[in-house]
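# An overview of the molecular structure
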Amino acid sequence: MFGLFRKSSQAERDRAATIKQMAREILDLGEETTISVSEIQCGDAACPGTETVILVMQPGVKTKAYKVLAPLLEVERAAVERALAG
């Protein structure tokens, strides 16, 4: 699991930063908004497998979670756009 049980690689940290910037641009968010990007791996057979979760935390607004059904290093801008549109 990214960020919880092992140290993330530089490539993962760089990709997470890129995805955060994409989300900020797509949603037109200022610096007062916190964005978190995590890779989640679910071992349950009912889960879709590895996914990337984008949390958007704006002051005074309920936190929103967006999911991209792909590992962090495979997330492309089009997938982020689709996730944030939904």
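We now turn to the structure provided with this report. (Residues numbered from 1 in each chain as written. Predicted model: local features only at pLDDT ≥ 70, side-chain atom pairs only at ≥ 80, totals over all residues. Heavy atoms only, no water.)

### Regarding the sheet that holds strand β3 (residues 64-68)
- The three strands are arranged β1-β2-β3 in an open sheet whose pairing can be described as antiparallel. Looking along the sheet, the strands with just one partner apiece sit at the ends: β1 (34-41) and β3. The average angle at which neighbouring strand axes cross in this sheet is 20°, direction not considered.
- With eight bridges connecting them, β1 and strand β2 (residues 50-57) associate as antiparallel partners. Bridge pairing in β2 links Val-37 to Ile-54.
- Together, β1 and β2 form the strand contacts of helix α1 (residues 10-27), whose direction differs from that of β1 by roughly 130°. (Pairing = 2+ DSSP bridges. Helix = DSSP H or I, 4+ residues; strand = E, 2+ residues; numbered from the N terminus. Axes fitted to C-alpha atoms, helices over the stretch in contact; angles between N-to-C directions. Contact = heavy atoms within 4.5 Å.)

### Re helix α2 (residues 77-85)
- Of the residues making up α2, those classed as buried are Ala-79, Val-80, Ala-83 and Leu-84. Along the axis of α2, the buried positions cluster into a sector of 130°, meaning they face one direction only. Those residues of α2 that are exposed and aimed more than 90 degrees away from the buried face are Arg-82 and Ala-85.
- Against α1, β2 and β3 lie the buried residues of α2. (Buried < 20%, exposed > 50% of the residue type's maximum accessible area, 1.4 Å probe, protein only. Arc of directions from axis to C-beta.)

### A few points about the pattern of salt bridges
- For the coordinates displayed, the defined rule picks out four salt bridges.
- The partner of Glu-31 in a salt bridge is Arg-24, with the nearest N and O atoms 3.8 Å apart.
- Classification of Arg-24 as buried rests on a relative accessible area of 13%.
- Salt bridges sharing common partners tie together Glu-25, Arg-77 and Glu-81. (Salt bridge = Lys/Arg side-chain N within 4 Å of Asp/Glu carboxyl O.)

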